[in-house]
Amino acid sequence: MTTPNIGQPIRRIDGRKKVTGAAHYAADWHPPGLCYAYGVFSTISRGTIRNVDTRDARRVPGVIDIFHHDHFPALFRVPQRGGGFNAILDASITDEHRLPFEDDKVYYGGQFVALVVADSFEHAREAAYRVHVDYAKEAPLTSLEQGVARNGTQDGGRGHQRGDAAAAFEQGVHRVDAVYRTPVETHNPMEMHATTAQWRDGDLHLYEATQGVTVHRNTIARVFGLDPERVVVEAPFIGSGFGSKLFIWPHSIAAAAVSREVGRPVKLLVPRPQMFTTTGHRPQTEQRLRLATDANGKLVSLRHESISTQAFVDNFTENCGGMSKSLYGCANVLVSHRTTRVHQGAPTSMRAPGAAPGLFALESAIDEMALAAGVDPLAFRLSNISTHDESANLPWSSNHLREAILQGADKFGWARRDPRVGAMHDGDEVIGMGMAACSWDAMRTPARARVMLRADGTVEVTCAVQDIGTGTYTVAAQTVADLTGVGVEKIDVRLADSAMPAAPLSGGSWATASVMPAIAAATRNAISQLISYAVAGKGAFSEAKASDVQFLDGALVYRGKKVPFGDVLRELKLGLAIGDGATGGAPEGKVSFRSFGAHFVEVRFDPAISHLRVSRVVSAIDVGKIVNPLTARNQVEGAIVMGIGMALFEATDYDPHSGLPANNSFAEYLVPVHADQPDIDVILLDYPDLALNEFGVRGIGEIGITGLAAAVANAVYHATGKRVRDLPITIEKVMRV
């Protein structure tokens, strides 16, 4: 009997490579003849380049060439994104639509304005510092407020309306009208963006820090006018990305272009300060929430209207109201998104795009609404949970939010909460307890995979999907092990090479739900091919019909005979049996897919020393079947810590005069460190969602950050009586009279 692997806490199969240094990242490849590129970045945020003086830079030893807008090859733009999730394998997407060095205009601080190529990293960097750029400077727009004042706003799409929210609000018994603000946040993965580019006989090979080798290949091929088959992109290991590595950025295009120009492989690493300017960020938002209830505390009106910043080099809308239109039951709802342009680099998806800032606003407003109605915040949420997706008028494929709230509350001890502000103490510390719902879309995209049963008794899995630190290598091995009975230690998983069967981006919490069915199909097809070989050959199964042969515990079984698959192949003098598998996107129009959960947060505030900390978090998460409790829990824990960063620490500050980021380093951009870690308890509900895929699996990477900042803010209010509506919650805001 095959031992189940799915659902088991199996340690990461790639862990040893990572801790021993055997895992190679994008900057770890050194092809023969390698040279190095280093960027020159604009010191203004708006204006025109008058002149690029490279004379001093060219005196640095080892300089090969210096590129800029007057000295750079002509390239092609990529069509703007479109086609939806079902077209993702064929998609070509740039986050910054403008090509590098396309013209003499500066649209944001830190923009590439020149690129030095030299024989060493040190020579390239020294020469880059000696490139002198003369600008005609103009005053930049550095904030959402300035963008709105100067440019107004534009419709960002993704709106929703049902009923008459305005009229219902006026007739409501209890009402809340509040504005919530979130700052620019920067992804800052530990591995910085990097590209190692090499041309061979007109073919391009990239080692790239990307969350999507298939889409990256498609995009770079379009930029250079190549058949995608002539481009290979590899990313076997990624030092995380949080969304910043989903799509292509200028450095990747520039590295490939200059490599072709100089006729040598080129490595280009984006310095940490430019990770704040030219590789994306979460945009600044301003969100107005207007809620109303009847006398019984039932929602009768919900309006969520947001404005977010976008760049002059691309279009991007932060979908803040994506969860608001359906998380709670309400007949009268209005969701709208507006954007305003500022002189910053292009914003992009950041872990739970839209939902992270959107649920900070919504779940803060829900708490305020519960207090206005005189109802416990937990009871208020339970009484307003949506029974179906009212935005699409579809039933939920699976929704266990009520159970998540109740289990989380029981584990957290919500019943012990004294609702009075500042009433709970432990020594010098005031204790605050807050909660919030969390939610994220459940998605599945097309994916392909290949499985090979080898004569040596091992199994090889190949798929172009990436493992960005989430455990995809292990999940792939578990899938094959579950269907074959072969031990995980005998399964070789190879990922993230665009020459492999095409796979989706590793983002949006859809990779596992998409790739597992493709790997399963490939596994079954490999087994089917093996059986066909066995019954057609002259070996032990020559008298059997294919329908009578079973595959159990890594062996073919027929009438008492049980032969390991490797022995079957060797007897037939065959090297392997191969199966390809492919799956499509999620079924549409029958049910609505979503993941749900609840966060419970305890904060402790010591007013004598002005110290505020998150001391305890309990999160109950409903994300379908749990493939691996170890990696799943780790994903939620990481998202919780990132949510604490969002709530208490993170904000990218821009100099109002220059428009440049003022805190563009880990020394000054604050994130939670070890001393800031609370006790975290993650409850995984484990209800398979079989409408989404055969395993009942939904994604888990994003949901943990959604709602967490609101739970912290609600706990801070409970402790201090200060309702902080603009993130981050700093001690100055809490102490403000």
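Thresholds applied
Residues numbered from 1 in each chain as written. Predicted model: local features only at pLDDT ≥ 70, side-chain atom pairs only at ≥ 80, totals over all residues. Heavy atoms only, no water. Axes fitted to C-alpha atoms, helices over the stretch in contact; angles between N-to-C directions. Helix = DSSP H or I, 4+ residues; strand = E, 2+ residues; numbered from the N terminus. Parallel < 35°, antiparallel > 145°, perpendicular 65-115°, else oblique. Contact = heavy atoms within 4.5 Å. Phe/Tyr/Trp six-rings, centres within 6.5 Å; stacked < 30°, edge-to-face > 60°. Buried < 20%, exposed > 50% of the residue type's maximum accessible area, 1.4 Å probe, protein only. Pairing = 2+ DSSP bridges. Polar contact = N/O pair within 3.5 Å; in protein donor to acceptor, adjacent residues only side chain to side chain. Left-handed = near helix turned anticlockwise from the far one by under 90°. Nonpolar A, V, L, I, M, F, W, Y, C, P; charged D, E, K, R; others polar. Domains from an automatic or database assignment. Buried area = accessible area lost by both parts, 1.4 Å probe. Expected span 1.5 Å × (residues − 1). Core = buried A, V, L, I, M, F, W, Y, C linked by side-chain atoms within 4.5 Å. Disulfide = S-S within 2.5 Å.

### Some remarks on the packing of helix α8 (residues 355–373) against helix α9 (residues 377–384)
Inference 1: Interhelical geometry of α8 versus α9 gives an angle of 105° and a closest axis separation of 9 Å. Here α9 runs roughly perpendicular to α8, going by the angle between their axes. Together, E363, I366, D367, M369 and A370 of α8 and P377, F380 and R381 of α9 make up the contact between the two elements.

### Structural notes on the packing of aromatic side chains
Inference 1: Across all of its chains, the model carries 16 aromatic pairs by this definition.
Inference 2: Summarising the aromatic geometry, the rings of F67 and F72 are spaced 6.3 Å apart at their centres and angled 85° between planes, so their arrangement reads as edge-to-face.
Inference 3: The buried category is assigned to F72, whose relative accessible area is 17%.
Inference 4: When the ring of W396 is compared with that of F596, the centres are 5.1 Å apart and the planes differ by 85°; the resulting orientation is edge-to-face. Here W396 is found in the loop between α9 and α10 (401–412), whereas its partner F596 is found in strand β26 (residues 594–606), with 200 residues between them in sequence. Judged on exposure class, the residue W396 and its partner F596 are both buried.
Inference 5: Taken together through their ring pairs, the aromatic side chains of F41, F67, F72, F101 and F112 make up a single cluster.

### Brief notes about the sheet that holds strand β20 (residues 459–463)
Inference 1: The strand order across the open sheet formed by four strands is β21-β20-β19-β25, and the pairing between neighbours is mixed. In this open sheet, the two strands that pair with only one neighbour each are β21 (491–495) and β25 (576–583). Each strand axis lies, on average, 15° off the axis of its neighbour in the sheet, ignoring direction.
Inference 2: Bridge count for strand β19 (residues 447–454) against β25 is eight bridges, and the pairing is antiparallel. Paired with A449 across the two strands is G581, which belongs to β25.
Inference 3: The sheet strands contacting helix α12 (residues 511–536) are β19, β20 and β25, and the helix crosses β25 at an angle near 145°.

### Thoughts on the side chain of T279
Inference 1: With respect to the secondary-structure elements, T279 resides in the loop between β13 (266–269) and β14 (285–293).
Inference 2: Here the side chain of T279 touches M275 through a polar contact of 3.2 Å, landing on its backbone oxygen.
Inference 3: When sequence neighbours within four positions are dropped, the list of residues in contact with T279 reads H187, H193, S244, W249, H251, V270 and Q274.

### Quick word on the packing of α8 against helix α15 (residues 708–720)
Inference 1: The N-to-C vectors of α8 and α15 enclose an angle of 35°; their axes lie 8 Å apart at closest approach. The way α8 lies across α15 gives a crossing that is right-handed. Between α8 and α15, the contacting residues are L359, F360, E363, S364, D367 and L371 on the first element and A709, A710, A713, N714 and Y717 on the second.
Inference 2: A breakdown of the residues in the contact of α8 with α15 according to their chemical character gives seven nonpolar, two polar and two charged.

### Re the sheet that holds strand β4 (residues 105–106)
Inference 1: The antiparallel open sheet is built from three strands, whose spatial order is β4-β2-β6. Both edges of this open sheet fall to β4 and β6 (132–137), since each of them pairs with a single strand only.

### Here's the deal with the domain arrangement of the protein
Inference 1: Domain assignment breaks the protein into domain 1 (35–139 + 188–279), domain 2 (348–443 + 590–733) and domain 3 (445–583).
Inference 2: Of note, the centres of domain 1 and domain 3, computed from C-alpha atoms alone, are 38 Å apart.
Inference 3: Approximately 1700 Å² of surface area, both sides summed, lies buried where domain 1 meets domain 3, with 63% of it carried by carbon and sulfur atoms.
Inference 4: Connecting domain 1 to domain 3 are eight residue pairs in polar contact (both at pLDDT 80 or more).
Inference 5: Of all the elements in the fold, those that place two or more residues in the side of domain 1 that touches domain 3 are α6 (213–224) and β12 (231–234).
Inference 6: Grouping the amino acids of the side of domain 1 that touches domain 3 by side-chain chemistry returns 14 nonpolar, six polar and two charged.

### Some words on α8
Inference 1: Taking 1.5 Å as the rise per residue, α8 with 19 residues should run 27 Å; its terminal C-alpha atoms sit 25 Å apart, in good agreement.
Inference 2: With its phi angle positive at about 70°, G374 sits one or two positions after the end of α8.

### Describing unusual backbone geometry
Inference 1: Residue P728 is bonded to the preceding L727 through a cis peptide linkage, with omega at -5°.
Inference 2: Summarising the element assignment, P728 is placed in the loop between α15 and α16 (731–735).
Inference 3: For A496, which is not a glycine, the phi torsion comes out positive at approximately 65°.
Inference 4: Among the secondary structure elements, A496 is positioned in the loop between β21 and α12.
Inference 5: Using a relative accessible area of 1% as the deciding quantity, one classes A496 as buried.

### Details of helix α7 (residues 250–262)
Inference 1: Taking 1.5 Å per residue as the helical rise, α7 with its 13 residues ought to reach 18 Å, and the 18 Å between its terminal C-alpha atoms agrees with that figure.
Inference 2: Within α7, eleven of the 13 residues are buried, leaving the element largely enclosed by the surrounding structure.
Inference 3: Every buried residue belonging to α7 is among P250, H251, S252, I253, A254, A255, A256, A257, V258, S259 and V262, and all of these are buried.
Inference 4: Just beyond α7, the residue with positive phi is G263, at close to 75°.

### Examining the nonpolar core
Among soluble globular proteins, nonpolar side chains are generally buried collectively.
Inference 1: Judged by nonpolar contacts, the single largest core of 99 residues is most densely connected at I405, F600, V601, V603, V712 and I729.
Inference 2: For this core, the element with the highest residue contribution is α8, accounting for ten residues.
Inference 3: If near-sequence neighbours (up to four positions away) are discounted, I729 is found in contact with L612, A647, L648, V712, A713, V716, V724 and V734.
Inference 4: A235, V258, Y473 and V549 belong to the second largest nonpolar core, which has 85 residues in total.

### Remarks on the environment of G585
Inference 1: Inspection of the secondary structure puts G585 in the loop between β25 and β26.
Inference 2: In this structure G585 comes out as buried when scored by relative accessible area, which is 18%.

### Quick word on the pairing of β19
Inference 1: Pairing geometry for β19 and β20, over four bridges, is antiparallel. Bridged to M452 within β20 is E460.
Inference 2: Once β19 ends, the chain turns through four residues before running back antiparallel as β20, passing G457 with a positive phi of about 85°.

### Side note on the environment of D376
Inference 1: In this structure, D376 sits in the loop between α8 and α9.
Inference 2: Each C-alpha atom, one on D376 and one on N663, is 40 Å from the other, the two residues being 287 residues apart in sequence.
Inference 3: If sequence neighbours within four positions are ignored, D376 has contacts with A370, W414 and R417.
Inference 4: At 3.2 Å, the side chain of D376 and the side chain of W414 are in polar contact.

### Brief notes about the state of the cysteines
Inference 1: On inspection of all chains with the given rule, the structure shows zero disulfides.
Inference 2: Cysteine C320 shares no disulfide, and the gap to the nearest cysteine sulfur, in C438, comes to 17 Å.

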